[in-house]
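What follows is the residue order along each chain.
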Amino acid sequence: MDKPVNAIIVEKLRFFYPERIRFIKEEDPYRFLITVMLSASTTDRQAENAASSLFSVYPDAKSVGEAEVSSIESLIRSAGLSKTKAPRIKDVSRYIASNGIPDNIEKLQALPGIGEKTAACYALDILGQDAVIADTHFVRTSKRLGFIDTSDRIKAAREIRERFPENEWGFLSMAVNKLGRDFCHPRPDCKQCFLSSICPSSEVLSGES
Ligand code: SF4
């Protein structure tokens, strides 16, 4: 029996992206969490720059939790949405300074300002747990690959969890995200993409490019 297309795509992804992929290069768990919070609606580079400004003045959860919101806001301005992000970062930091960082995805999501994506990033990268990180790149690319049928991030994560084994969630999160950044841009570069011979949305196959 022929292998299903999804399985062949996953095999190719494993071949082309054999290394562990990390988008936030931060080892400290608290700083990692805050950097992921900062990355909402901006690039990872901007989030890392904003995090570095913040931590140069307030180095840990206790000091961020005690800082004025206005001061946090001015330090993280380069990441955008600073008026929304600053009070959330202060609240989360105050919680963490007293209670530590929760060690599972459900408890993380219960914290103020921690959404599904932030909790999944932390669970996968810091806790080593299996999780689906459904960000913009992942959802756009997964849909074109035929992995999911939705453009909604919450539903996308659910569909991946239902359709792929748990031990593939983390790899797919990172590899599909990377594919989206490398080739499957909003205007996809199918001619250069290593999946163009098999992808159901390939413009090379459909003769559009
Ligand atoms: S072939 Fe085109 S549509 Fe398919 S994953 Fe690659 S870039 Fe995206």
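Model, not experiment: these values are computed from the prediction. (Residues numbered from 1 in each chain as written. Predicted model: local features only at pLDDT ≥ 70, side-chain atom pairs only at ≥ 80, totals over all residues.)

Caption draft 1: Geometry of the overall build of the protein. Helices and strands together make up the secondary structure of the protein, namely 12 helices and 0 strands. Counting from the amino terminus, the protein carries its helices and strands in the arrangement α-α-α-α-α-α-α-α-α-α-α-α. Rg of the C-alpha trace for the protein: 19 Å, near the compact-globule value of 17 Å for 209 residues, within the 12% margin. Seen along its three principal axes, the alpha-carbon backbone of the protein occupies a region of about 60 × 30 × 30 Å. Going through the 209 residues of the protein one by one, you find that 40% of them count as buried. Pairs at least 24 apart in sequence give 51% of the contacts found in the protein among residues at least 6 apart. (Helix = DSSP H or I, 4+ residues; strand = E, 2+ residues; numbered from the N terminus. Rg over C-alpha atoms; globule rule 2.2 N^0.38 Å. Buried ≥ 20, exposed ≤ 12 C-beta atoms within 10 Å, placed from the backbone. Contact = placed C-beta atoms within 7 Å.)

Caption draft 2: Looking closely at the site of the ligand. Near the ligand, the surroundings consist of 15 residues, among which C184, P188, C190, C193 and C199 are the closest. Per-element tally for the shell around the ligand: the top contributor is helix α9 (residues 136-145), with 3 residues. Taken together, the residues of the shell around the ligand break down into 9 nonpolar, 4 polar and 2 charged. (Near = placed C-beta within 6 Å. Nonpolar A, V, L, I, M, F, W, Y, C, P; charged D, E, K, R; others polar.)

Caption draft 3: Structural detail: α9. When you tally the buried positions in α9, you get 7 out of 10 residues, the bulk of the element. Every buried residue belonging to α9 is among H137, F138, V139, T141, S142, R144 and L145, and all of these are buried. Where α9 is buried, its residues meet α1 (5-16), α10 (153-163) and α11 (166-182). Count one or two residues on from α9 and you reach G146, which has phi positive near 85 degrees.

Caption draft 4: Highlighting the packing of α9 against α11. Contact geometry for α9 and α11: axes closest at 8 Å, N-to-C directions at 85 degrees. Relative to α11, the element α9 lies roughly perpendicular. Residues H137, F138, R140, T141 and S142 of α9 form the contact with α11, whose participating residues are S173, V176, N177, L179, G180 and R181. The residue makeup of the contact of α9 with α11, split by class, is 3 nonpolar, 6 polar and 2 charged. (Axes fitted to C-alpha atoms, helices over the stretch in contact; angles between N-to-C directions. Parallel < 35°, antiparallel > 145°, perpendicular 65-115°, else oblique.)

Caption draft 5: Spotlight on the environment of S71. Along the polypeptide, S71 turns up in helix α5 (residues 69-75). The sequence separation of S71 and T43 amounts to 28 residues, and the corresponding C-alpha distance is 22 Å.

Caption draft 6: Looking closely at the environment of L13. Its place among the elements puts L13 in helix α1. Through-space distance from the C-alpha of L13 to that of E159 is 19 Å; in sequence the pair is 146 residues apart.

Caption draft 7: Representation of the domain arrangement of the protein in the model. We note that the domain assignment places domain 1 (29-125) and domain 2 (132-203) within the protein. Here the C-alpha centroids of domain 1 and domain 2 sit 27 Å apart. Counted by class, the side of domain 1 that touches domain 2 contains 3 nonpolar, no polar and 2 charged residues. (Domains from an automatic or database assignment.)

Caption draft 8: Molecular detail of helix α2 (residues 29-38). With respect to burial, α2 is a largely interior element, 9 of its 10 residues being buried. For α2, the full list of buried residues reads Y30, R31, F32, L33, I34, T35, V36, M37 and L38. Where α2 is buried, its residues contact α3 (44-57), α4 (61-66), α6 (82-99) and α8 (116-125).

Caption draft 9: Structural view of unusual backbone geometry. Backbone geometry at L81 places phi at a positive 50 degrees, although glycine is not the residue there. Inspection of the secondary structure assignment puts L81 in the loop between α5 and α6. Residue L81 is classed as partly exposed on the basis of its 14 C-beta neighbours within 10 Å.

Caption draft 10: Main features of the packing of α2 against α3. Orientation of α2 relative to α3, taken along the N-to-C sense of each, is 130 degrees, at an axis distance of 8 Å. Between α2 and α3, the angle falls in the class oblique. Considering the relative orientation of α2 and α3, their crossing is right-handed. Seen from α2, the contacting residues are R31, I34, T35 and L38; seen from α3, they are A47, E48, A50, A51 and F55. Broken down by class, the residue content of the contact of α2 with α3 amounts to 6 nonpolar, 1 polar and 2 charged. (Left-handed = near helix turned anticlockwise from the far one by under 90°.)

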